[in-house]
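What follows is each chain in one-letter form.
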Amino acid sequence: MFGKVKIGTILTSLAVLVLVASFTVIQPQQEQFFLSDNDDLWTVYEKLGKIRFNTVDPSVKGVSAEKGRDIIFKGYSTKQDGKGRTAQQSPYFKCTACHNTEKEFDDLSDISAQNRLDYAEKHDLPFLQGSSFYGLVNRKTFYNDDYQKKYGHVPIIKASNTDIRKAIQLCATQCAQGRALEDWEIESVLAYYNTIGLKIKDLNLKPAEKKEVETAVDNDKDLHQAVHLLEAKYLATSPAHFAEHKTYSPITEAEKKDTESFKNGQLIYERSCLHCHEAERYSFFALDKSKFSFVNLLNRTKANKDGSIYKIVRHGTWPLAGKKAYMPLYPIEKMSEDQLDDLKIYIENMAIGNNLAVQ
Ligand code: HEC
Ligand code: HEC
């Protein structure tokens, strides 16, 4: 009897010991942090102690990402108080005439014009003069380089360089040639931009790099290093350098057989020029894939006047008599010199009836 009790007590204490021991093993010190593909980059930065910028001002009433999206895609939204709709922002353009809202590169740290065109083809996107709104809230400066060099004397262009709200307003009134946006409209556009910030998956991190960021958060150590690692994976600006226009030189025999350039030129024509000019979508100047269009463009280019493709691509057109539609120029980052040559090879071949795509 006595012996039984003793054994019983020993067993109970053993069980308690085992329980306590396993409890301390299972119970983790703190929750571990894991990066996942869909994590918003800004949220990760905040965990690394970085202070978020390009945020929405919560004191402005009637702001929503949905309204911002409508302004960008349709040119109007429901009013600030939610009743009825606003006036159209611009009679000429939607923001999407010149800007995509999707990612435009596989590798966001290598933004060459040809990478952008290849990506546009693969993902069926237009190829436009403006930078994508995707990841805009992760950028620090706007209207960079030659936009500042050439137009920086204009106060709003200068101010737009470091102020996302002024950049939005500048583009609404100058690029889109429309009415000024109200404060709550600008905040709504910004709210929408904040829904299309960069995500962890956009940075193509290697497993070891993910680990480094996770460890930094877990140990609350080397936070700056982790921030630098992430920042090196994309550009926080859209570089913009202008080029002078070339003059026409006749097509060579080699160019009449250059299928590769021809096809690249065709991509540019379809994904860029036709985006605005097909069926007069954003321009009264209609272009299509008829021989007439190509002969017309070739003749303008031979004449070396303002309608030359070399001049129009490098200088654009200007809204001369007050407000009207105009064509923005392409900086070399948005169309390289090689790409412009390819476009010319495509147009001239098509104008002389030499369609290399069907051979
Ligand atoms: C006719 C073409 C066009 C239209 C329409 C247009 N934009 Fe732009 N936008 C540009 C160009 C060109 C730039 C030059 C800088 C760049 O994007 O790289 C630019 C720049 C910007 C920038 C700064 C981007 C950066 O990274 O430097 C913002 C923000 C912007 N636009 C917002 C808007 C909004 C909002 C609308 C609509 C209300 C709009 N844009 C309509 C052509 C246009
Ligand atoms: C973002 C929209 C947009 C894109 C992209 C675009 N254009 Fe334009 N383009 C315009 C607008 C707007 C005008 C102003 C003319 C008008 O509407 O009356 C214009 C004018 C022109 C003109 C002069 C027409 C005239 O009235 O003499 C030519 C030529 C031209 N574009 C060719 C091109 C070519 C070639 C491409 C492709 C590399 C291209 N455009 C891409 C919007 C665009």
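Cut-off values and rules
- Residues numbered from 1 in each chain as written.
- Chains lettered and ligands numbered in written order.
- Predicted model: local features only at pLDDT ≥ 70, side-chain atom pairs only at ≥ 80, totals over all residues.
- Heavy atoms only, no water.
- Near = heavy atom within 4 Å.
- Polar contact = N/O pair within 3.5 Å; in protein donor to acceptor, adjacent residues only side chain to side chain.
- Helix = DSSP H or I, 4+ residues; strand = E, 2+ residues; numbered from the N terminus.
- Nonpolar A, V, L, I, M, F, W, Y, C, P; charged D, E, K, R; others polar.
- Phe/Tyr/Trp six-rings, centres within 6.5 Å; stacked < 30°, edge-to-face > 60°.
- Buried < 20%, exposed > 50% of the residue type's maximum accessible area, 1.4 Å probe, protein only.
- Lys NZ or Arg CZ within 6 Å of the ring centre and 35° of its normal.
- Core = buried A, V, L, I, M, F, W, Y, C linked by side-chain atoms within 4.5 Å.
- Contact = heavy atoms within 4.5 Å.
- Donors = N, O, S within 2.8 Å, 3.2 Å for Na, K, Ca; no water.
- Tetrahedral: all angles 85-135°; square planar, octahedral: opposite > 155°, others 65-115°.
- Salt bridge = Lys/Arg side-chain N within 4 Å of Asp/Glu carboxyl O.
- Axes fitted to C-alpha atoms, helices over the stretch in contact; angles between N-to-C directions.
- Parallel < 35°, antiparallel > 145°, perpendicular 65-115°, else oblique.
- Left-handed = near helix turned anticlockwise from the far one by under 90°.

Caption draft 1: Summary view of the site of ligand 1. Residues in close proximity to ligand 1 total 24 residues, the closest being Cys95, Cys98, His99, Ser131 and Cys171. In the model, an oxygen atom of ligand 1 is placed 3.0 Å from a nitrogen or oxygen of the Arg139 side chain. Sorting elements by how many residues they give to the shell around ligand 1 places helix 7 (residues 164–175) first, with four residues. Split into classes, the residues belonging to the shell around ligand 1 amount to 15 nonpolar, six polar and three charged.

Caption draft 2: The arrangement of the packing of aromatic side chains in detail. Within this structure, the stated rule accounts for twelve aromatic pairs. Taken together, a centroid distance of 4.8 Å and an interplanar angle of 85 degrees make the contact between Trp42 and Phe53 edge-to-face. Placement of Trp42 in helix 2 (residues 41–47) and of Phe53 in the loop between helix 2 and helix 3 (65–74) is noted, with a sequence separation of eleven residues between them. Residue classification places Trp42 among the buried positions, given a relative accessible area of 2%. Summarising the aromatic geometry, the rings of Phe262 and Tyr346 are spaced 5.0 Å apart at their centres and angled 70 degrees between planes, so their arrangement reads as edge-to-face. Linking Phe262 in helix 11 (residues 259–277) with Tyr346 in helix 14 (residues 337–351), this pair joins segments that are 84 residues apart in sequence. Phe262 sits in the buried class, given a relative accessible area of 0%. An aromatic cluster of at least three residues, connected via ring pairs, comprises Phe262, Tyr269, Phe294 and Tyr346. Seen from the ring of Tyr45, Lys50 lies directly overhead, with NZ or CZ sitting 4.9 Å from the centre. The ring of Phe73 has Arg69 sitting right over it, with the charged end atom 4.2 Å from the ring centre.

Caption draft 3: Molecular detail of the nonpolar core. Ranked by size, the top nonpolar core spans 47 residues in total, and within it Leu41, Leu48, Tyr193, Val213 and Leu230 carry the most contacts. If sequence neighbours within four positions are ignored, Leu41 has contacts with Asn138, Leu198, Lys199, Ile200, Leu203, Leu230 and Tyr234. Core analysis: the next-biggest nonpolar cluster, separate from the first, contains 27 residues, Phe294, Ile312, Met327 and Tyr330 among them.

Caption draft 4: Molecular detail of the coordination of the iron atom of ligand 2. The iron atom of ligand 2 binds to the protein through His277 (NE2) and Met327 (SD); the donor distances cover 1.9 to 2.2 Å. For the iron atom of ligand 2, the six donor atoms in the first shell make angles of 87 to 179 degrees at the metal, so the coordination geometry reads as octahedral. In this pair, His277 is assigned in helix 11 and Met327 in the loop between helix 13 (309–315) and helix 14, connecting sequence segments 50 residues apart. Among the residues examined, His277 registers a relative accessible area of 11% and is labelled buried. For Met327, a relative accessible area of 18% corresponds to the buried category.

Caption draft 5: The arrangement of the coordination of the iron atom of ligand 1 in detail. Coordination of the iron atom of ligand 1 by the protein comes from His99 (NE2) and Cys171 (SG), over a distance range of 2.0 to 2.1 Å. Given six donor atoms and angles of 84 to 180 degrees at the metal, the environment of the iron atom of ligand 1 is assigned as octahedral. On the criterion of sequence distance, the pair formed by His99 in the loop between helix 3 and helix 4 (113–122) and Cys171 in helix 7 is long-range, its members being 72 residues apart. Residue His99 is classed as buried on the basis of its relative accessible area of 15%.

Caption draft 6: Seen up close, the pattern of salt bridges. According to the stated counting rule, one finds 19 salt bridges in the structure shown. A salt bridge links Asp106 to Lys122; its shortest N-O distance comes to 3.6 Å. Here Asp106, found in the loop between helix 3 and helix 4, pairs with Lys122, found in helix 4; they are 16 residues apart in sequence, far enough to count as distant. The salt bridge partner of Asp341 is Lys246, with a shortest N-O separation of 2.7 Å. Note that Asp341 is positioned in helix 14 and Lys246 in the loop between helix 10 (223–231) and helix 11, a separation of 95 residues in sequence. Salt bridges sharing common partners tie together Asp40, Glu46 and Arg52.

Caption draft 7: Structural view of the side chain of Ser160. Looking at where Ser160 falls in the secondary structure, it is placed in helix 6 (residues 155–160). On the basis of relative accessible area, Ser160 is assigned to the buried category, the value being 0%. Residues contacting Ser160, with those up to four places away along its chain left out, are Phe142, Tyr143, Lys166, Ala167 and Leu170.

Caption draft 8: Expanded view of the packing of helix 4 against helix 11. Remark: helix 4 packs on helix 11, axes separated minimally by 11 Å, with the N-to-C direction vectors making an angle of 70 degrees. As judged from the angle between their axes, helix 4 and helix 11 are roughly perpendicular. Viewed along their axes, helix 4 and helix 11 form a crossing whose handedness is left-handed. Facing helix 4, whose interface residues are Gln114, Leu117, Ala120 and Glu121, helix 11 presents Asn264, Leu267, Ile268 and Arg271. Across the contact of helix 4 with helix 11, the residue classes tally to four nonpolar, two polar and two charged.

In short, the description is geometric, and any link to function would need to be established separately.
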